[in-house]
Amino acid sequence: MNSIQDIWDEIIKILSKELTPTAITTWFSDCEAVEIEDCRLVLHTSNDFKRSIIVSRFGDSIKTALYDLFASEFELMVLAGDEINEYSTEKKEENSLPEMDGYTFDRFIVGASNKFAHAAAIAVSENPGKIYNPLFIYGNSGLGKTHLLLAIGQAIHEKDPTKKISYIKGDEFTNQLIKSIKDGTGEEFRHKYRNVELFLVDDIQFIAGKQQTQNEFFHTFNNIYEAGHQIVITSDRPPLEMSLLDDRLRTRFEGGLMADIEPPDLETRMAITRNKAAQLGIILSDDAVIYIAENITANIRQLEGVIKRLTAYKEILDDVITIDSVKRAIKDVIRIGTYIPTPEIIIKETARYYSLDESDLRGQSRAKNTATARQVSMYLMRSLTNLSLKDIGAEYENRNHATVLSSIRKIEDMLKNDPKMAVTVRDITSNINSM
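To keep things clear, this report deals only with the structure shown in the data block. The model shown is predicted, which means the values in this text are computed figures rather than measured ones. (Residues numbered from 1 in each chain as written. Predicted model: local features only at pLDDT ≥ 70, side-chain atom pairs only at ≥ 80, totals over all residues. Heavy atoms only, no water.)

What about the overall build of the protein?
What the protein contains, in helices and strands, is 20 helices and eight strands. Taking the principal axes of the C-alpha coordinates as reference, the protein spans close to 85 × 55 × 40 Å. Counting across all 435 residues of the protein, residues that qualify as buried make up 47%. Taking as baseline every contact in the protein between residues at least 6 positions apart, the subset at least 24 positions apart corresponds to 70%. (Helix = DSSP H or I, 4+ residues; strand = E, 2+ residues; numbered from the N terminus. Buried < 20%, exposed > 50% of the residue type's maximum accessible area, 1.4 Å probe, protein only. Contact = heavy atoms within 4.5 Å.)

Points about the environment of L15
Residue position: L15 is located in helix 1 (residues 4–16). C-alpha of L15 to C-alpha of F58: the two residues are 43 residues apart in sequence and 8.7 Å apart in space. The residues contacting L15, other than those within four sequence positions of it, are I24, F28, S61 and I62.

Digging into helix 12 (residues 286–295)
Within helix 12, burial applies to A288, V289, I292 and A293. In a view along the axis of helix 12, the buried residues occupy a sector of 125°, so they form one face of it. (Arc of directions from axis to C-beta.)

A look at the packing of aromatic side chains
By the definition in use, this model includes 15 aromatic pairs. The ring of Y353 has K210 lying over it, and the distance from NZ or CZ to the ring centre is 4.5 Å. The lysine or arginine in question, R248, covers the ring of F218, its NZ or CZ lying 3.8 Å from the ring centre. (Phe/Tyr/Trp six-rings, centres within 6.5 Å; stacked < 30°, edge-to-face > 60°. Lys NZ or Arg CZ within 6 Å of the ring centre and 35° of its normal.)

See below:
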């Protein structure tokens with residue numbers, strides 16, 4: 001059985017064994033199978049009277065036929081008349097993803113640095129599940145990976161609003177899995193992701209090293225892939241450089257198409273600057289565009305930040321956009337000289353890496369995973385900032401400097417003997433520096 005119509009035909013065959021041809025024709029000739037989803041069969045018939053007869057006289061028989069076919073209990077929903085229009089509208093709203101709003105291919109500026117990834121993304125959107133599956137897009141933060149990921153989703157959704165699309169970040173997948181285990185809702189979690197037709201996964205690097213998450217993701221990946229549905233993944237690095245990634249996942253990621261995105265060249269940065277300005281309703285002089293493009297070289301997100309800052313100057317301060325205002329906007333957005341992260345960013349990124357809350361790291365919990373994460377964050381705070389031991393301790397409910405020093409030395413010792421800890425520190429540092 002390959003479609004909802006095939007299933008409905010089988011049900012009619014089963015019903016025909018206990019009903020006369022006249023009964024089948026009278027009550028089911030204009031009855032249409034709409035969809036079968038989440039153990040529920042949805043039918044549509046022409047009027048309320050026929051619906052009442054189908055539900056009252058034949059409802060149990062239809063459910064029995066479904067059980068015979070699937071060995072599972074099913075619910076039955078029968079729509080009548082114009083109710084099908086309202087139902088279709090509701091389904092479209094359910095299948096919409098607000099994350100995709102604004103992320104389209106026509107808003108993506110193509111240059112030499114992203115040409116290949118852009119072409120691959122369009123190809124996937126035109127033939128999902130047929131070529132380049134999975135599509136793995138990688139590159140540094142702020143270069144447009146998420147834009148391409150969501151543009152694929154937007155294009156496929158526009159062609160077929162009924163497509164089941166799921167978008168999730170790597171760390172959110174971990175957090176939802178942990179919650180499902182705590183709540184005893186593992187089956188619901190698996191059903192949510194294993195039955196989609198387009199699986200969009202952002203920042204997959206966050207699942208590396210988390211064995212239970214990787215195992216669940218492996219089975220989710222297999223289910224979607226074997227069903228012939230499309231998977232698109234983004235990461236800040238290629239699978240080969242994720243030393244803690246499960247080998248089974250690495251081979252599957254590498255079995256599709258790998259497409260990298262490099263920092264844009266000057267001409268592309270100028271085009272992006274003009275495009276972002278146009279989207280926000282401002283026109284920049286050529287001198288302003290060139291100055292911005294020459295001074296922000298590695299991160300499109302920072303380009304957007306400068307444009308938004310200029311928009312604020314214009315709207316709030318009624319300021320004319322000059323080279324001086326551009327220089328002021330750039331100074332506000334980019335970090336001049338060596339980047340020194342705040343304690344808040346270090347704690348946030350360390351907590352995210354270990355799938356914990358920031359309050360866990362700042363608090364008193366002695367659970368092994370939490371204690372290790374806390375020690376790593378203290379080590380990073382000492383390594384990446386100019387804070388004293390006392391200042392670091394103040395970030396953790398005023399722990400004394402001796403406790404902080406002991407934590408730092410413990411991580412230093414682990415770095416000498418434990419390759420996994422070295423990878424962990426490197427990965428968290430990379431995430432901090434991309435903020």
